[in-house]
Structures are given as structure tokens and as C-alpha cells.
Amino acid sequence: MPLSITLEFSGGMELLFNNEKRKQVTLPDSFAPGTATLKDLLPWVRDNLLTERAELFMQDDTVRPGILVLINETDWELEGELEYKIQDGDVIVFISTLHGG
Amino acid sequence: MAHPADVLAELHTLRAENATLRARLASSSPKAATAPSPAHPPPVGVPFTQKTRLSNEEISRFSRQLLVPEIGVQGQLKLRNASVLVVGAGGLGAPAVMYLAAAGIGRIGIIDYDVVEASNLQRQIIHDESRVGMLKSESAKQTVSKLSSLCECTAYNILIDSSNAMDVIKKWDYVVDATDNVATRYLLNDCCIFRNKPLISGSALRMDGQLTVYNLEGGPCYRCIFPKPPPPETVTNCSDGGVLGVVPGIIGCLQALEVVKIVTGIGASLSQKLLIFDATTMSFRTIRLRGRTPSCAVCGPHPTITKPIDYVQFCGAGPDDKAHNINILPPESRISCHKYAALRLDAFPHVLLDVRDKIQYDICSLHHSLNIPLSELPKRIPELTAAATFGEHHEPNLPVFVVCRRGNDSQLAVKMLEETHGFTHVKDIVGGLEAWARGRDPTFPIY
């Protein structure tokens, strides 16, 4: 069974993803349930969904500073960050922090 | 050549002087005409006398709030005895200050070094048309004075930075971050940790808003969540990205609400949580954030930062949300708006390439221009080549002049066209359409 997850983009992140705020994706078979992690997901998102410059999304093997990642409504830091194992039905949100006022 | 910082400083001085003169014209009251002192914040008045009971006037005035079981007399007294520093009298600070004053906060400090501009009024509702040109801190203070004689309000016409933040912040119980830039956000965070003040932090852009409370009851600080600042090129400000006025209004109101709840003891809802407001779908979601991070450079058990640092250097960006001009082309790759205007008058054959986004192009544009946004330029080169190729030629033979809003993106475009795509007759119009409007055509709008 391939993993099916929901990706959301907020706070201006959607501008990097063809202005789509929410996207249902079925991950390829290389994402094995129980072993595939966020570390695998980020480059896949970059290579398959990103429509703007890659450095606006990633730096080294993680998201660039100023992007907060949520896994099912929770700060990814509480869920193991890059090591988090993706589960079917996960909702993963990428939020750009805002600074305007 | 004058240093840009000097020119800016002089601009601020002149604007302040202008504001003073306006105020004198607008009011016969000698008080309103008092020139604000730009360099030194006025001292916070005599030590604030703590009250233990409400006056009859206060009971009448705050009756609707006194009747709320969560507030009551004790809560109202706490508001009366509290002091709140609001940093930024802009889109967030405007409603935050007004609601805090209206709610009966005893002392409010307002920091801003900017002056009111017409383009602020769409969201900064503490100011109005008569205040255009006035210092924002003064304008905000005047609104508070009109709203409530019970509130002791201090206006700080200063640029808050590493040299003064510690002194200012220590005088206040709570700090509201209503600023518009990354450097000041890190500055306030660090100083609130050093001074142990809760920081109620809001932000807004376009149709989005965010709100959280830092450094409250063992909760995380800004650096726990964001140890590294974002790369400057990824930060969008309101003057470039735009903002729907009511969006910062909502976040500013919620900042005031969190302050009232913390002061009265109802308790904050957003410590170690982040509220995300999406105005497009009208959704509010609150997400759980990590707690205090043991490795945090300021609030961890082994801090590596123990006093304010150079935040402009740390963030690679200045303490404001203004556009900064670049100058990356040699003079021969540039043309002034006056020289370009003369070419247009002569009907000199050329292509005018406008590299702004469509949303800006729709606001205003010069006739007979070709609009290809900078981000789309690499893949739309054939369109430009076709437009610049005249007659029997197979190569572009017409000169290309590139224009944008302020003359920065146009330089990037010229550089890209020359270096990557082999264009040889290409120049940018110095200062962009703003220079055109100021120097050539006063009927052309500035946005």
C-alpha cells in the first residue's frame, strides 16, 4: 500500500508551490510505510512539487531557517524532526513565519 | 556623495519638523505644538502609584468589563496597575494600543521612529489623514489621550536597538511585539529574556496572520523555535507583498486580548502555541510548539548570548521594512528616466520591458511596454527576443530598456539578460517607475 498524505502550505509558502495551499499526494513505492521519514520526503517535495527556486525551501538536507514544519498540528521538533516516520494519512504543514506588521 | 544613512536621517528630521508645523496649524493648543525630541525618549513619569480600589469614575467607565466574572474588580485593578510597552505603532500596534488603553491598562508605552504616511491609513487606524507627516509615536499618543484620560501614555520616538532596548524594556511589565522586521523581533526576544518580560508577538502579511506568546511561565522564546534568522531574500515585507488592512487589525486585537488575559490572571492561551490565521478561508488554527529548548542561545541553561548583539549583522537586514536600493550595473548599462523620456518623445525604436509582477503591472504601467515578471523571464526569453527583433534580422537588433517599481529588479534583469542570454543593447531605467513619477510625470501613480 503506497503512503497517501496531505501537504499544506501557509504563510506565503504556497507561493513556492504553484499557489496551492493544500495538496493530497500519494508517495511513490520507494516510500515504504514504517521506514520512510521526513528526511526522504523533503527532497521529494522539492523535486516534484516546488515551482520556485529550491533555496527558498531547503538548505542542506532540511528546510531553510524561517520555515516551521507541523506534523498533524504539532511542531515537528516534538515528533523527531527529520527522523519522523511518515504514516498513512499524515497532514504535514509547511509554514513560513511572517515578520510584517 | 552623501551617505544614504545621512540622507535618511535628514529626511526623518525634516519630516518631524513638518509634523510639528502641521500640528501647530491643526491645533491652537500650545501642548500639541511642542516639538517631540527625536533623540531622547521622555522619561517615564514619576513612579506609578499602585491603586487598591477603583474610583467611581472607573467603576462607571469599566462597568461592562467589571461584570465579566473572569475580570471583576480585582482584574480591573490589575489592568489599572499594569504597564505595557507596544513596539511599533503600525498595523498591529494601532488596534493593540487602542484596545489596551480602552480596557484600562494604566500605563502604555509606544515606540516608533517612523512618520505617518497616506499608505499606512488602510490598516493603521490609530492615525488619520490629519496626522500624515506626524511622528507615529506622537500620533498614537494623541489618539490614546483622546480615548482615555485614565491612561498614562509615553511616546518614544526612537529606533529601538541594542543600545537602548534594555533600558527601555526594564520600565515595563509586558512587551507587545508589533514590529515589521526580523532584526527587531530578535532584539525584543533577547531583551525580554534578559529582563524576564513576557513577549506577546504578532505578525501579518497579505492574507495571513500569526500570534504567539514567548517567555511566559517557562515557555519557549523566539530563538527556541527559530534559532537562525531566515535568509534576507526570503523575507517579504508589507510594502512589497501587500497586506489586507483588517488582517493585522485582527492580530493586533488578539495581542491586546492576550495581554489582558495574562494581566488579569485568566492566563495566556498562546504560550508554547502558535495561532495561525488564514483570512482567505477564515480559519484559525492553534498548533503546539516545542517547549524551551535546552540548547537555546539566550534562554537555555548555558546561554552563549547574554547581552544584546548586533541584530542587523545577525539577520543580514536592517531594522525596518523599507526597500533597500541596489547598484550592481556599470553606468553604461543604465539610463536616467529623463534621457529615456527624451527617447520616447523622439519615437526612438526600442522595447520597454517591465519586469514587475502582473499584480503591480495592473496598477499602472507605461504605454507600449512588454510585461514579463522577473521570475518568469528565464523561460520567456523568446517573447523578448521576438519583440526586440525588427525587420529582416534574426538576432535582437532593437535596444531593450528595463523598468520596474524602484529600479532594483530591473538591474537584476539587465544583468541576467546580458550574462545569461546574450543581449548586448540593454539598459535599466534608474529608479524605476517611482523615479518616472517623481521626475517626469507627476500624474503617474506611486504605490
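Nothing here was measured: the structure is a model prediction, and the numbers come from that model. (Residues numbered from 1 in each chain as written. Chains lettered and ligands numbered in written order. Predicted model: local features only at pLDDT ≥ 70, side-chain atom pairs only at ≥ 80, totals over all residues. Heavy atoms only, no water.)

Caption draft 1: Main features of the UniProt feature "active site" (unreviewed entry) in chain B. Here the UniProt-annotated "active site" (unreviewed entry) positions come out as Cys238 and Cys404 of chain B. Here Cys238 of chain B is to be found in helix H10 (residues 238-241). For Cys238 of chain B, a relative accessible area of 9% puts it in the buried group. Every residue in contact with Cys238 of chain B, bar those within four places of it in the chain, is listed here: Gly100 and Gly101 of chain A together with Arg123, Ala204, Leu205, Val243 and Asp321 of chain B. Checked against the element boundaries, Cys404 of chain B lands in the loop between strand E12 (400-403) and helix H16 (409-419). Excluding residues within four positions of it along the chain, Cys404 of chain B makes contact with Asp354, Val355, Arg356, Asp409, Ser410, Gly432 and Leu433 of chain B. (UniProt positions renumbered as here; feature names shortened; annotations may be inferred. Helix = DSSP H or I, 4+ residues; strand = E, 2+ residues; numbered from the N terminus. Buried < 20%, exposed > 50% of the residue type's maximum accessible area, 1.4 Å probe, protein only. Contact = heavy atoms within 4.5 Å.)

Caption draft 2: Main features of the UniProt feature "binding site: Zn(2+)" (unreviewed entry) in chain B. Residues and elements named next belong to chain B. Mapped onto this structure's residue numbering, the UniProt feature "binding site: Zn(2+)" (unreviewed entry) falls at Cys221, Cys224, Cys296 and Cys299. Taken along the chain, the residues just named run across 79 residues; in space they keep tight, none of their C-alpha pairs more than 8.6 Å apart. Along the chain, Cys224 turns up in helix H9 (residues 222-225). Checked against the element boundaries, Cys296 lands in the loop between strand E8 (283-288) and helix H12 (311-315). With residues near it in sequence (within four places) discarded, Cys296 still touches Cys221, Arg223, Cys224 and Pro303.

Caption draft 3: Fine view of the interface of chain B and chain A. On the side of chain A, 30 residues touch chain B, which itself brings 36 residues to the contact. Counting each side, the surface lost to burial between chain B and chain A is near 2700 Å², with a carbon and sulfur contribution of 55%. For chain B, the biggest contributors to the area lost against chain A are Arg285, Arg288 and Arg290 of chain B; these three give 22% of the whole. Summed over the shared surface of chain B and chain A, the result is four salt bridges. Here Arg285 of chain B ties to Glu73 of chain A by a salt bridge, and the two come within 2.9 Å at their closest N and O atoms. When residues of the side of chain B that touches chain A are traced back to their parent elements, those giving at least two are helix H8 (182-194), strand E5 (199-205), strand E6 (208-214), H9, strand E7 (273-278) and E8 of chain B. (Buried area = accessible area lost by both parts, 1.4 Å probe. Salt bridge = Lys/Arg side-chain N within 4 Å of Asp/Glu carboxyl O.)

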